[in-house]
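These are the residues of each chain, in order.
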Amino acid sequence: MFNKRVLNVKPSATAELIGKVADYKRRGIDVMQFNVGEPDFDTPAHICDEARLALDNGFTRYTAVAGIHELRESIAKKLKNENGIDCAAENVAVTVGGKQAVYNSIIALCNEGDEVIVLTPCWVSYIEMVTLAGAIPVLVETKEEEDFLLNIDNLKKAVTDKTKAIIINTPNNPTGAVYTRASLEELAELAVANNIYVISDEIYEKLLYENGQHHSIASFNEDINKLTLTINGFAKAFAMTGWRIGYVAGDKDLMKQLIKIQGHSTSATNSIAQKAAVAALEGTQEPVAHMVSEYANRREFLFKRLNEMENISCAKATGAFYLVPNISKFFGKSYNEYSINDSFDMADYLLDEAKVAVVPGKAFEMPNNIRIAYSNSLDNIKEGMNRMEEAFGKLK
Ligand code: GLU
């Protein structure tokens, strides 16, 4: 018999959909892709140049498990200057994408039977990572009618003497919600009072619109800094998804444990990507600003377009590059062989009928919604929304 924990885990809906859409494309079917949270921009040229230089210089060997010192220093400097986190190179480990940073954090912290609070809707992998660690995911819902913001009273009710950690993700995937400073301060107080670790996934920190402002919980005071693992990476802000490079920063002793896990699993991430990442942090930030302003235009269009559609309502989140329209008014409706009873049915229907790929909200514990990533061109968003509206119109 296979490992019970692994058997209990669902496949990643986002990762699976990437494969499914690729199959459609291979068959020559023109799918509008709004499923994966992946910038459609190329990695900025100065970052690619640095990678080429690394190759030309033969920088192609193993590096220290936690990453090259130059990059760890650069990350520590960024966390200090931009996020206000008291941090040095020894507090940082460079990982194989932000995903490994989250996974290693959970594995390093959790014993069998520990509880980990996960705020839902949440990214597809948190719950499964907690399960893989042998810990127990405790789900606390953030509500659509509260703009999916952190509700500290609900969170308090979920804390027990078994609570080991709380995972937060702001700006949030999938909802785009950006937690306020005041709510994060309350969370910090709760965590410190109960000696609970905070795994703070900040991968979308640069993707902010209107009045969205990002706050790093580890910056608030020394006590919460000691209990927080701040996670970030290069994929979303610098359009570097394929480079697989992320990082985690936290207390030195805890980081030693994370680095041990990495030393026995993947070792350091790619040497060339590490050099490129230094250029991303140290070089011009202009390409990031350009990408964010493009996302902002798309967000405006998409928000308006979705809310014009019959039976659809959609909140205007101020972060990340997702909108999550509520599609529950279609539940119970059908067209030909398609009956829409949940968000999975809707995502399948939209892919088959409209050739539009979205992620079913249920995969994020958000049963009444679908997730649309606007990390795609405005032209494709326009075409995709026309197709989607037509398919919605057929449902009776
Ligand atoms: N985090 C992105 C998403 O939610 C990439 C896919 C994944 O790693 O889940 O689409």
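Because the structure is a prediction, the values reported are computed rather than measured.

Q: Could you give an account of the packing of aromatic side chains, naming the residues involved and the relevant values?
A: Here the structure, examined in full by the defined rule, presents 12 aromatic pairs. Residues Trp123 and Tyr126 carry aromatic rings whose centres are separated by 5.3 Å and whose planes lie at 80° to one another, so their mutual orientation is edge-to-face. When sorted by exposure, Trp123 lands in the same class as Tyr126, which is buried. Taking the centre distance of 5.2 Å and the plane angle of 70° together, the rings of Tyr295 and Phe321 count as edge-to-face. Placement of the pair is Tyr295 in helix 12 (residues 286-308) and Phe321 in the loop between helix 12 and strand 9 (322-323), with a sequence separation of 26 residues. The buried category is assigned to Tyr295, whose relative accessible area is 0%.

Q: Which residues make up the sheet that holds strand 13 (residues 359-360), and what are the values?
A: Strands sit in the order 9-14-13 across an open sheet of three strands; the sheet is antiparallel. Strands with a single pairing partner mark the edges of an open sheet, and in this sheet they are strand 9 and strand 13. One ladder, built from two bridges, connects strand 13 with strand 14 (residues 370-373); its direction is antiparallel. Across the sheet, Pro360 pairs through a bridge with Ile370, a residue of strand 14.

Q: Run through helix 11 (residues 271-282), naming residues and quoting values.
A: The terminal C-alpha atoms of helix 11, which comprises 12 residues, lie 17 Å apart, in line with the 16 Å expected from a rise of 1.5 Å per residue. The element helix 11 is extensively covered by neighbouring structure, given that 10 of its 12 residues are classed as buried. Every buried residue of helix 11 is accounted for by Ser271, Ile272, Ala273, Gln274, Ala276, Ala277, Val278, Ala279, Ala280 and Leu281. Looking at the buried positions of helix 11, the neighbouring elements they touch are helix 3 (45-56), helix 4 (69-83) and strand 2 (92-95).

Q: Tell me what's going on with the nonpolar core, and back it up with residues and numbers.
A: Most often, soluble globular proteins keep nonpolar side chains buried together rather than apart. Core analysis: the biggest nonpolar cluster contains 70 residues, and Leu71, Phe234, Leu306 and Met346 have the highest contact counts within it. It is helix 11 that provides the largest number of residues to this core, a total of seven residues. Setting aside anything within four residues of it in sequence, one finds Met346 in contact with Ile327, Phe330, Ile340, Ile370, Phe392 and Leu395. With 41 residues, the next largest nonpolar core counts Leu109, Val118, Ile199 and Val248 among its residues.

Thresholds applied
Residues numbered from 1 in each chain as written. Predicted model: local features only at pLDDT ≥ 70, side-chain atom pairs only at ≥ 80, totals over all residues. Heavy atoms only, no water. Phe/Tyr/Trp six-rings, centres within 6.5 Å; stacked < 30°, edge-to-face > 60°. Buried < 20%, exposed > 50% of the residue type's maximum accessible area, 1.4 Å probe, protein only. Helix = DSSP H or I, 4+ residues; strand = E, 2+ residues; numbered from the N terminus. Pairing = 2+ DSSP bridges. Expected span 1.5 Å × (residues − 1). Contact = heavy atoms within 4.5 Å. Core = buried A, V, L, I, M, F, W, Y, C linked by side-chain atoms within 4.5 Å.

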